[in-house]
Protein chains: 2
Amino acid sequence: MSKYLEDYIKNPMKIEERSFEIILSELGKHNFDEREIKIVQRVIHTTADFEYANLIEIHPKAIDILMDSLRNGNDIYADTKMVMAGTNKRILKEYNSKIYNLVHEESVFKIAKEKNITRSMAAIEIAAKDKNTSIYAIGNAPTAIYKLLELVKEKKANPSLVIGVPVGFVGAAESKEALKNSGIPYIIINGRKGGSPVAATIINAIMYQM
Amino acid sequence: MSKYLEDYIKNPMKIEERSFEIILSELGKHNFDEREIKIVQRVIHTTADFEYANLIEIHPKAIDILMDSLRNGNDIYADTKMVMAGTNKRILKEYNSKIYNLVHEESVFKIAKEKNITRSMAAIEIAAKDKNTSIYAIGNAPTAIYKLLELVKEKKANPSLVIGVPVGFVGAAESKEALKNSGIPYIIINGRKGGSPVAATIINAIMYQM
């Protein structure tokens, strides 16, 4: 075991602290404000990929909206179990909030088959009916973003914030562009990159500042 | 909604197929064999990051070992719930295998506190005692890899394969280097990159070839 690691091994918090120091130092000059940079450094911590600093775009009201929603006890719909698995449930519980996912529900399989749409889309239809769900965290399915935008147009959904960071080669970049132009407050990762752990990390990075 | 996406939206399998086409085409020439390239393209699909093609290293016996282990009904220990969330449980069930994680167990909290080690390390100690656990998938904690290597030296663990892909800035690269030099068959992502979704994706990419 390297001596360097040995110093940190007993204390995971120290590993995190040191990681953030390295990230800030290698990142160098940037234009993020005090709260935004905490999101950016945590996304880089999760991915070891500095390109995210150039790809992330945070709507000016996004951070306050997520904080206010949680303080109101509103819930977060996540498009994958992996987003759920990555979020800090202890903090969510403190605020009487929860994060949930529906793609494995019987009702979702049924609607997807009947309407010939993806399960991600069918799940969004159900989540949008829940009055307590105000935040959507989409890490995987561009179709979930498109469905949500469609429901908003039809006045069947009213998200206060969409964390739109699906990763992928078909439709991901386009879906994030569409979200950005929709008028709904957003946090996005431009282009192909993103993913469920990035979505979870963004939520955590904001919750840790509450 | 873009016309391009509309064509694919009704059929998630087509989205995946098209994504793999794009990945192979942009990747260009490579030296992976038929089975390895399916792992590589799936990792790129999960991360939208072509650098993984240069960072991944697959021990020549790794793929057969994972397949044989599952056929024997052996289990996989994952260092995070996120690795678990990302793996295809339907296939695991077919082989009477399971993937599990212990870091949130009471006993792990206790051991970690008593021995003043990370919970990831304490969890590895318990997993290593389970005779049916032959594969370790480490997506997050370098300390889990170091602990496992330590137990192997003490003849207290006998992993047949370690998928060692922790992401991070402190200890991650070093831990993967140590695994590579340990004599244990491995799949690693060299350097800082990796993560739980990468670990899950590697497992899935091999299972889909069984």
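Please read all numbers here as calculations on a predicted model, not as lab measurements.

**Describing the relation of the copies chain B and chain A**
- When chain B is fitted onto chain A, the two copies agree to an RMSD of 0.0 Å after a turn of 180° and an axial shift of 0.0 Å. Taken together, these values place the two copies in the relation of a two-fold axis. Residue Met82(B), judged by its C-alpha, is the member of chain B lying nearest the rotation axis, at 2.7 Å.
- In this assembly the copies share their binding face: 100% of the residues contributing to the interface of chain B also contribute to that of chain A.

**Comments concerning the sheet that holds strand E2 (residues 75-78) of chain B**
Residue and element names in this part refer to chain B.
- Sheet architecture is open: six strands sit in the order E1-E6-E5-E4-E2-E3, paired in mixed fashion. The open sheet has two edge strands, strand E1 (56-58) and strand E3 (99-100), and neither has a second partner.
- Relative to strand E6 (residues 186-189), strand E5 (residues 161-164) runs parallel, the two being bridged by three bridges. Residue pairing in the sheet places valine 162 in a bridge with tyrosine 186 of E6.
- Strands in contact with helix H9 (residues 119-128) are E2, E3 and strand E4 (133-138); relative to E4, the strand with the most contacts, it is inclined by about 160°.

**Examining the interface of chain B and chain A**
- Between chain B and chain A, the contact holds 40 residues from the first and 40 residues from the second.
- With both sides pooled, the region where chain B packs onto chain A buries about 3400 Å², and carbon together with sulfur makes up 75% of that total.
- Sorting the residues of chain B by area buried against chain A places Met82(B), Phe169(B) and Val170(B) first, and these three jointly supply 22% of that buried surface.
- At the junction of chain B and chain A, the tally comes to four salt bridges.
- The interface formed by chain B and chain A includes two residue pairs in polar contact (both at pLDDT 80 or more).
- When residues of the side of chain B that touches chain A are traced back to their parent elements, those giving at least two are helix H1 (3-9), helix H2 (12-27), helix H3 (34-47), helix H6 (81-86), helix H10 (142-153) and helix H12 (196-207) of chain B.
- Per-element accounting of the side of chain B that touches chain A gives the leading share, seven residues, to H2(B).
- Classifying every residue of the side of chain B that touches chain A by side-chain character gives 21 nonpolar, ten polar and nine charged.

**Description of the UniProt feature "domain: Cobalamin biosynthesis precorrin-8X methylmutase CobH/CbiC" (unreviewed entry) in chain A**
- The sites that UniProt annotates as "domain: Cobalamin biosynthesis precorrin-8X methylmutase CobH/CbiC" (unreviewed entry) are residues 14-208 of chain A.
- As annotated, residues 14-208 of chain A has a helix share of 55% and a strand share of 12%, and its two end C-alpha atoms lie 16 Å apart.

**Comments concerning the packing of helix H9 (residues 119-128) of chain A against helix H10 (residues 142-153) of chain A**
Residues and elements named next belong to chain A.
- Contact geometry for H9 and H10: axes closest at 8 Å, N-to-C directions at 40°. As summarised for this structure, H9 and H10 are arranged oblique, according to the angle between their axes. Regarding H9 and H10, the two cross each other, and that crossing is right-handed. Across the interface between the two elements, Ser120, Met121, Ile124, Glu125 and Ala128 from H9 touch Thr143, Ala144, Lys147, Leu148 and Leu151 from H10.
- For the contact of H9 with H10, the class distribution of residues is six nonpolar, two polar and two charged.

**Here we look at the pairing of E4(B)**
Residue and element names in this part refer to chain B.
- The buried fraction of E4 is high, at six of six residues.
- With four bridges joining them, E2 and E4 adopt parallel strand pairing. By the bridge assignment, alanine 78 is partnered in E4 with alanine 137.
- Sheet topology note: the E4/E5 ladder contains four bridges and is parallel. Bridge pairing in E5 places alanine 137 opposite isoleucine 163.

**Examining unusual backbone geometry**
All names here are of chain A.
- Backbone geometry at alanine 48 places phi at a positive 55°, although glycine is not the residue there.
- Although it is not a glycine, asparagine 96 adopts a positive phi angle of roughly 60°.
- Position of asparagine 96 relative to the elements: it lies in the loop between helix H7 (89-94) and strand E3 (99-100).
- Assessed through its relative accessible area of 67%, asparagine 96 is described here as exposed.

**Section: H3(B)**
Residue and element names in this part refer to chain B.
- Helix length check: H3, at 14 residues, gives a terminal C-alpha distance of 21 Å against a target of 20 Å (1.5 Å per residue), a fit within 8%.
- Within H3, ten of the 14 residues are buried, which leaves the element mostly enclosed by the surrounding structure.
- Of the residues making up H3, those classed as buried are Glu36, Ile37, Ile39, Val40, Gln41, Arg42, Val43, Ile44, Thr46 and Thr47.
- The N-capping residue of H3, defined by a side-chain oxygen 3.0 Å from the backbone nitrogen of arginine 35, is aspartate 33.
- Immediately beyond the C-terminal end of H3, within one or two residues, lies alanine 48, with a positive phi of roughly 55°.

**Looking at H9(A)**
- With respect to burial, H9(A) is a largely interior element, eight of its ten residues being buried.
- Looking at H9(A), one finds that the buried residues are Ser120(A), Met121(A), Ala122(A), Ala123(A), Ile124(A), Glu125(A), Ala127(A) and Ala128(A).

**Side note on the sheet that holds strand E6 (residues 186-189) of chain A**
Residues and elements named next belong to chain A.
- Within the open sheet, the six strands sit side by side as E1-E6-E5-E4-E2-E3. Their pairing is mixed. Here the strands that pair on one side only, and so sit at the sheet edges, are strand E1 (56-58) and E3.
- Examined bridge by bridge, strand E2 (residues 75-78) and E3 share two bridges and lie parallel to one another. In the strand pairing of E3, tyrosine 77 is matched with tyrosine 100.
- Along the sheet face, helix H5 (residues 62-71) touches E1, E2, strand E4 (133-138), strand E5 (161-164) and E6 and points at about 125° away from the line of E4.
- On the sheet, helix H11 (residues 172-180) packs against E1, E5 and E6 and is oriented at approximately 155° with respect to E6.

**Some details on the packing of H10(A) against H11(A)**
All names here are of chain A.
- Running from N to C, H10 and H11 cross one another at 30°; their axes reach a closest spacing of 9 Å. In terms of orientation, H10 and H11 fall into the roughly parallel class. Relative to H11, H10 is oriented so that their crossing is left-handed. The residues of H11 that touch H10, namely those facing Pro142, Ile145, Tyr146 and Leu149, are Ala172, Glu174, Ser175, Lys176, Ala178 and Leu179.
- Each residue belonging to the contact of H10 with H11 can be placed in one class, and the counts come to seven nonpolar, one polar and two charged.

Cut-offs and rules
- Residues numbered from 1 in each chain as written.
- Chains lettered and ligands numbered in written order.
- Predicted model: local features only at pLDDT ≥ 70, side-chain atom pairs only at ≥ 80, totals over all residues.
- Heavy atoms only, no water.
- Least-squares fit on C-alpha atoms with pLDDT ≥ 70 in both.
- Contact = heavy atoms within 4.5 Å.
- Pairing = 2+ DSSP bridges.
- Helix = DSSP H or I, 4+ residues; strand = E, 2+ residues; numbered from the N terminus.
- Axes fitted to C-alpha atoms, helices over the stretch in contact; angles between N-to-C directions.
- Buried area = accessible area lost by both parts, 1.4 Å probe.
- Salt bridge = Lys/Arg side-chain N within 4 Å of Asp/Glu carboxyl O.
- Polar contact = N/O pair within 3.5 Å; in protein donor to acceptor, adjacent residues only side chain to side chain.
- Nonpolar A, V, L, I, M, F, W, Y, C, P; charged D, E, K, R; others polar.
- UniProt positions renumbered as here; feature names shortened; annotations may be inferred.
- Parallel < 35°, antiparallel > 145°, perpendicular 65-115°, else oblique.
- Left-handed = near helix turned anticlockwise from the far one by under 90°.
- Buried < 20%, exposed > 50% of the residue type's maximum accessible area, 1.4 Å probe, protein only.
- Expected span 1.5 Å × (residues − 1).

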